[in-house]
Amino acid sequence: MIEQKFTPAAPPPGLRPVRGAARCAVVALALASVAWVARAVWEIRLAVAGEPASGPPDQGGGVHRPLNTLEDSYHLVTSVGGAVTAVCAIVFLFWLDRVRDNAKVVSGTAPRYVYIWLWVGWIVPLMNLWVPRGLVADVHRSVFPERRLPAVVNWWWGLWLLGLAGGVGIVYADDTDEIIARAYDGVLPLLAADAVIVAAAGAAALMVHTLTTAQQEHIAAKGY
């Protein structure tokens with residue numbers, strides 16, 4: 001009797017490794033959370049210290065007084081936090097690009113949104129209210145059309161929109177000196193916005209893990 005040997009099916013052309021990108025995205029989101037927690041800590045320090053007798057940094061009429069040591073350090077914290085957040089966004093989009101391509105290969109169907117929306121969907125007014133969620137949801141639904149969308153996707157998107165609301169949180173309408181003045185006058189809205197951002201980052205990390213795991217298990221079940 002001749003023993004037959006079976007070899008695993010070759011992976012479809014275009015299937016990309018994604019676990020490393022997912023780990024990097026989770027780490028980047030964790031670092032972004034730490035950066036925003038540090039920002040909140042400095043805002044509390046400003047509130048506790050109280051506004052100097054010389055008034056806010058922005059004196060009006062284009063006049064800015066010299067910053068004290070605490071205010072200067074807050075500028076540094078926000079600059080570092082902004083850089084970390086920018087890197088986090090790039091790493092997250094790198095992950096999304098990979099799982100999106102894999103979903104296309106595994107399902108055999110084209111994504112609902114063309115490639116350019118992966119980048120501009122976050123910044124085009126009005127479209128940025130639903131396109132990014134649609135990009136993420138499409139990754140899951142194209143592979144698992146019979147399954148409900150994981151709740152963590154909606155939690156992430158709800159928190160993200162909440163962080164954008166009113167020009168506070170993820171995208172501040174005010175410059176750093178104006179935010180310092182707001183910390184002196186009433187820090188609670190700033191802390192609430194920071195908490196929303198940290199929660200959104202946590203939900204995003206869980207979403208990355210959930211969607212990546214589901215997709216990889218599906219690929220493994222197909223014998224790739």
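In short, a report on the structure. Along each chain, the written sequence defines residue order, and numbers are assigned to residues from 1. pLDDT decides what is reported in this predicted model: residues at 70 or higher carry local features, side-chain atom pairs at 80 or more are listed and counted, and totals for whole chains, interfaces and linings draw on all residues regardless. Derived side-chain values reflect all non-hydrogen atoms in the structure, with water molecules and hydrogen atoms excluded from consideration.

1. Notes on the packing of aromatic side chains
Next up, step 1: Pairing of aromatic side chains here covers Phe, Tyr and the six-membered ring of Trp, requires ring centres within 6.5 Å, and sorts the geometry by plane angle: under 30 degrees stacked, over 60 edge-to-face, intermediate tilted. Scanning the model with the defined rule gives nine aromatic pairs in all.
Next up, step 2: Between the aromatic rings of Phe 92 and Trp 156, the centroid separation amounts to 6.1 Å while the plane-to-plane angle is 35 degrees, which identifies the pairing as tilted. Of the two residues, Phe 92 sits in helix 2 (residues 69–107) while Trp 156 sits in helix 5 (residues 151–164), which places them 64 residues apart along the sequence.
Next up, step 3: Exposed residues in this analysis have more than 50% of their type's maximum accessible area, buried residues have under 20%, and partly exposed residues fall in between, with area computed by a 1.4 Å probe over protein chains only. With relative accessibility at 8%, the residue Phe 92 sits in the buried group.
Next up, step 4: Considering the side-chain rings of Trp 156 and Trp 157, the 5.2 Å spacing of their centres and the 50 degrees angle between planes classify their relative orientation as tilted. Numbered from the N terminus, helices here are DSSP runs of H or I no shorter than four residues, and strands are runs of E no shorter than two.

2. A word on helix 7 (residues 188–221)
At 3.6 residues per turn, the α-helix brings residues three or four places apart onto the same side.
Next up, step 1: Multiplying 1.5 Å by the helix residue count minus one yields the expected span of that helix. Taking 1.5 Å per residue as the helical rise, helix 7 with its 34 residues ought to reach 50 Å, and the 49 Å between its terminal C-alpha atoms agrees with that figure.
Next up, step 2: Within two residues after helix 7, Gly 223 carries a phi angle of roughly 85 degrees, on the positive side.

3. With respect to the pattern of salt bridges
Next up, step 1: Salt bridge criterion: a side-chain nitrogen from Lys or Arg within 4 Å of a carboxyl oxygen from Asp or Glu. Counted according to the given criterion, the structure contains five salt bridges.
Next up, step 2: Between Asp 101 and Arg 16 there is a salt bridge, with its nearest N and O atoms 2.7 Å apart. A residue pair is termed long-range when its members are at least 10 positions apart, and Asp 101 in helix 2 and Arg 16 in the segment before helix 1 (19–49) qualify at 85 residues.
Next up, step 3: For Asp 101, a relative accessible area of 26% translates into the label partly exposed.
Next up, step 4: Of the charged contacts in the structure, one is a salt bridge between Glu 43 and Arg 39, with a shortest N-O distance of 3.8 Å. Of the two residues, Glu 43 and Arg 39 are both situated in helix 1; the distance of four residues between them amounts to about one turn of the helix. This pair shows no difference in class: Glu 43 is buried, exactly as Arg 39 is.
Next up, step 5: Linked by salt bridges that have partners in common, Arg 16, Asp 97 and Asp 101 make up one network.

4. Some words on the side chain of Asn 102
Next up, step 1: Here Asn 102 lies in helix 2.
Next up, step 2: Residue classification places Asn 102 among the buried positions, given a relative accessible area of 0%.
Next up, step 3: In this view, Asn 102 contacts Gly 14, Leu 15, Arg 16, Val 18, Gln 215, Gln 216 and Ile 219; residues no more than four positions away in its chain are not counted. The contact rule is simple, with two residues in contact once any of their heavy atoms fall within 4.5 Å.

5. Digging into the environment of Pro 111
Next up, step 1: Examined against the element boundaries, Pro 111 turns out to sit in the loop between helix 2 and helix 3 (117–120).
Next up, step 2: Taking the C-alpha atoms as reference points, Pro 111 and Gln 215, separated by 104 residues in sequence, lie 15 Å from one another.
Next up, step 3: Ignoring sequence-local partners within four residues, the contact set of Pro 111 consists of Arg 100, Lys 104 and Asp 138.

6. Here's the deal with the packing of helix 5 against helix 7
Next up, step 1: Where helix 5 contacts helix 7, the axes come no closer than 8 Å and their chain directions differ by 150 degrees. Relative to helix 7, the element helix 5 lies roughly antiparallel. For the pair helix 5 and helix 7, the crossing hand works out as left-handed. Contacts between helix 5 and helix 7 involve Val 152, Val 153, Trp 155, Trp 156, Leu 159, Trp 160, Leu 162 and Gly 163 on the former and, on the latter, Val 196, Ala 199, Ala 200, Ala 203, Ala 204, Leu 206, Met 207 and Thr 210.
Next up, step 2: The residue inventory of the contact of helix 5 with helix 7, partitioned by class, reads 14 nonpolar, two polar and no charged. To obtain each axis, a line is fitted to C-alpha atoms, and for helices this fit is confined to the stretch in contact; angles are then taken between N-to-C directions over 0 to 180 degrees. Roughly parallel covers angles under 35 degrees, roughly antiparallel covers those over 145, roughly perpendicular covers 65 to 115, and oblique covers all other angles. Here a crossing is taken to be left-handed if its near helix is turned anticlockwise relative to the far helix by less than a right angle, and right-handed if that turn runs clockwise. Residues are grouped as follows: Ala, Val, Leu, Ile, Met, Phe, Trp, Tyr, Cys and Pro are nonpolar; Asp, Glu, Lys and Arg are charged; every other residue, Gly included, is polar.

7. A closer look at a nonpolar patch on the surface
Next up, step 1: A residue counts toward a patch only above 30% relative accessible area and without a salt bridge, and it is joined to like-charged neighbours within 9 Å or, for Val, Leu, Ile, Met, Phe, Trp and Tyr, to nonpolar neighbours within 5 Å. For every accessible area listed, the method is Shrake-Rupley and the probe measures 1.4 Å; residues are considered covered only by the protein chains on display. Where nonpolar side chains cluster on the molecular surface, the patch consists of Leu 126, Leu 129 and Trp 130 and spans about 340 Å² of accessible area.
Next up, step 2: If you trace the backbone, Trp 130 turns up in the loop between helix 3 and helix 4 (131–143).
Next up, step 3: Residue classification places Trp 130 among the partly exposed positions, given a relative accessible area of 45%.

8. Brief notes about the nonpolar core
Next up, step 1: What we call a nonpolar core is a set of buried Ala, Val, Leu, Ile, Met, Phe, Trp, Tyr and Cys residues that are connected through their side-chain atoms within 4.5 Å. If you look at the biggest cluster of nonpolar residues, it comprises 41 residues, and the most contacted ones within it are Phe 92, Trp 95, Leu 96, Trp 122, Trp 156 and Met 207.
Next up, step 2: Residue assignment for this core shows that the elements contributing at least two residues are helix 1, helix 2, helix 4, helix 5 and helix 7.
Next up, step 3: With 10 residues, helix 7 is the largest single contributor of residues to this core.
Next up, step 4: When neighbours within four sequence positions are excluded, Trp 156 is seen to be in contact with Phe 92, Trp 122, Pro 132, Arg 133, Val 136, Ala 200, Ala 203, Ala 204 and Met 207.
Next up, step 5: The next biggest cluster of nonpolar side chains, apart from the first, holds 11 residues, and it includes Ala 40, Ile 179, Ile 180 and Val 187.

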